[in-house]
Amino acid sequence: VAGSITNAGTFDTDSGAVDYNGSVAQSIFTTTYGALVASGSNTKTMSGTVMVRDTFRITGATFAFNATTDSLALSATTLTNTGGTFSASGGIVNYGADADQTLLAAASYYRLYLSGSTAPRTKTYTGSLAFAASGLLNVGSNDTLSVTTDLDLNTNTPSFTNSSTVKMGGNATFHGGITNAGTFYYFGSSAQTIGAVTYADLRLGNTGGKTFPTGTVSVTGNYTHQGSAGARD
């Protein structure tokens, strides 16, 4: 579709693919998609709640939200961005597959949810993960958020709810409003600094040295120092 979609009947799109491939700005029709593609050029803007079951792909275009209450629910396990932009700082994104998922890269997220897993799953963000003003990170039970480098929970003071595990290859920064950081696993191969907050469980692993900060690090559950992690005071 290079233009717009108008529906006065039943538009059953939960199987097959819809490709918004116009060179002009386009509005994403609010429905459930089997596969949703934003290609061509210009900006593809969604409103309301859009669900994608199988494949979500951005190719060359910009995918954006119309309002901060708009929600993109991704149970798809194939999520790719080739030469485009995923502008996630203005809406809600829920990675809800009962499977491992690779999160789409974005300059920042507004409200990010990881959910839907009935068994242990890993949702991986490659790079450093940051949040827009009034942002939120919610890691559901059975989901592990794995961030390959840094996790910024300080800038713009996002809210944080974690009932599973956050795994990091870099550092985590926290703002003063986070009183319980949940379960964290510092697994970097380079030096890492432990954030000065309260953890449900704290685990240190891999070869990078782990340095405790000035101040108090509290662990209400288990503290695990494994492998060759060089933790020191």
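Going by the structure above, here's the rest.
Residues numbered from 1 in each chain as written. Predicted model: local features only at pLDDT ≥ 70, side-chain atom pairs only at ≥ 80, totals over all residues. Heavy atoms only, no water.

**Some words on the overall build of the protein**
Part 1 of the argument: When helices and strands are tallied, the protein shows zero helices and 26 strands.
Part 2 of the argument: Considering only C-alpha atoms, the protein reaches an extent of 65 × 30 × 25 Å along its principal axes.
Part 3 of the argument: When contacts within the protein are restricted to residue pairs at least 6 apart in sequence, long-range pairs at least 24 apart make up 15% of them.
Part 4 of the argument: A total of about 10000 Å² of accessible surface is found on the protein, and carbon and sulfur atoms cover 46% of it.
Part 5 of the argument: Considering the protein, the positive charge centre built from 10 side chains and the negative charge centre built from 12 side chains are found 5 Å apart. (Helix = DSSP H or I, 4+ residues; strand = E, 2+ residues; numbered from the N terminus. Contact = heavy atoms within 4.5 Å. Areas by Shrake-Rupley, 256 points an atom, 1.4 Å probe, with all protein chains shown as cover. Lys, Arg positive; Asp, Glu negative; His and termini not counted. Charge placed at Lys NZ, Arg CZ, Asp CG, Glu CD.)

**Focus on the sheet that holds strand β26 (residues 223-225)**
Hydrogen bonds between backbone groups are what pair the strands of a sheet, and the pairing can be parallel or antiparallel.
Part 1 of the argument: The strand order across the open sheet formed by seven strands is β11-β13-β15-β18-β20-β23-β26, and the pairing between neighbours is parallel. Bordering the open sheet on either side are β11 (101-102) and β26, each of which pairs with just one other strand.
Part 2 of the argument: Of the pairings in the sheet, the one linking strand β18 (residues 165-168) to strand β20 (residues 183-186) comprises four bridges and is parallel in character. From the neighbouring strand, Val166 faces β20, where its bridge partner is Phe184. (Pairing = 2+ DSSP bridges.)

**Quick look at the pattern of salt bridges**
Part 1 of the argument: The final tally for this structure, using the stated rule, is three salt bridges.
Part 2 of the argument: In this structure, the salt-bridge partner of Asp98 is Arg121, at a minimum N-O distance of 3.3 Å. With Asp98 in the loop between β10 (92-95) and β11 and Arg121 in strand β13 (residues 121-125), this residue pair connects regions lying 23 residues apart in the sequence.
Part 3 of the argument: Judged by its relative accessible area of 27%, Arg121 is partly exposed. (Salt bridge = Lys/Arg side-chain N within 4 Å of Asp/Glu carboxyl O. Buried < 20%, exposed > 50% of the residue type's maximum accessible area, 1.4 Å probe, protein only.)

**Structural notes on the sheet that holds strand β6 (residues 62-65)**
Part 1 of the argument: One open sheet holds the four strands; their spatial order is β2-β4-β6-β9, and the pairing between them is parallel. Where the open sheet ends on each side, the last strands, each with one partner, are β2 (26-28) and β9 (85-86).
Part 2 of the argument: Strand direction decides the pairing type here: strand β4 (residues 43-46) and β6, joined by four bridges, are parallel. Directly across from Met46, in β6, lies its bridge partner Phe65.

**A look at the environment of Gly90**
Part 1 of the argument: Here Gly90 shows up in the loop between β9 and β10.
Part 2 of the argument: Linking Gly90 and Asn206, residues 116 residues apart in sequence, is a C-alpha distance of 36 Å.
Part 3 of the argument: Setting aside residues no more than four positions away along its own chain, Gly90 makes contact with Phe65, Ala67, Thr68 and Tyr110.

**Considering the pairing of β10**
Part 1 of the argument: For strand β7 (residues 71-74) and β10, the ladder comprises four bridges, and the chain directions are parallel. Within the sheet, the bridge partner assigned to Leu72 lies in β10 and is Val93.
Part 2 of the argument: Pairing analysis gives four bridges linking β10 to strand β12 (residues 109-114), with the strands arranged parallel. For Tyr95, the partnering residue across the bridge sits in β12 and is Leu114.

**Describing the packing of aromatic side chains**
Part 1 of the argument: Scanning the entire structure with this criterion turns up 18 aromatic pairs.
Part 2 of the argument: Geometrically, the ring pair formed by Phe56 and Phe63 is edge-to-face, given 5.1 Å between the ring centres and 85° between the ring planes.
Part 3 of the argument: One residue, Lys167, lies across the ring of Phe187, its end atom 4.7 Å from the ring centre.
Part 4 of the argument: Lying over the aromatic face of Tyr185, Arg203 brings its terminal NZ or CZ to 3.9 Å of the ring centre. (Phe/Tyr/Trp six-rings, centres within 6.5 Å; stacked < 30°, edge-to-face > 60°. Lys NZ or Arg CZ within 6 Å of the ring centre and 35° of its normal.)

**A short note on the nonpolar core**
Part 1 of the argument: Phe56, Phe86, Tyr95, Tyr109 and Phe184 are the most contacted members of the largest nonpolar core, which has 53 residues in total.
Part 2 of the argument: At four residues, the largest contribution of residues to this core is made by strand β5 (residues 49-59).
Part 3 of the argument: Other than its neighbours up to four places away in sequence, Tyr109 contacts Phe86, Ala88, Ser89, Val93, Tyr95, Leu103, Leu104, Tyr125, Leu129, Ala130, Phe131 and Ala132. (Core = buried A, V, L, I, M, F, W, Y, C linked by side-chain atoms within 4.5 Å.)

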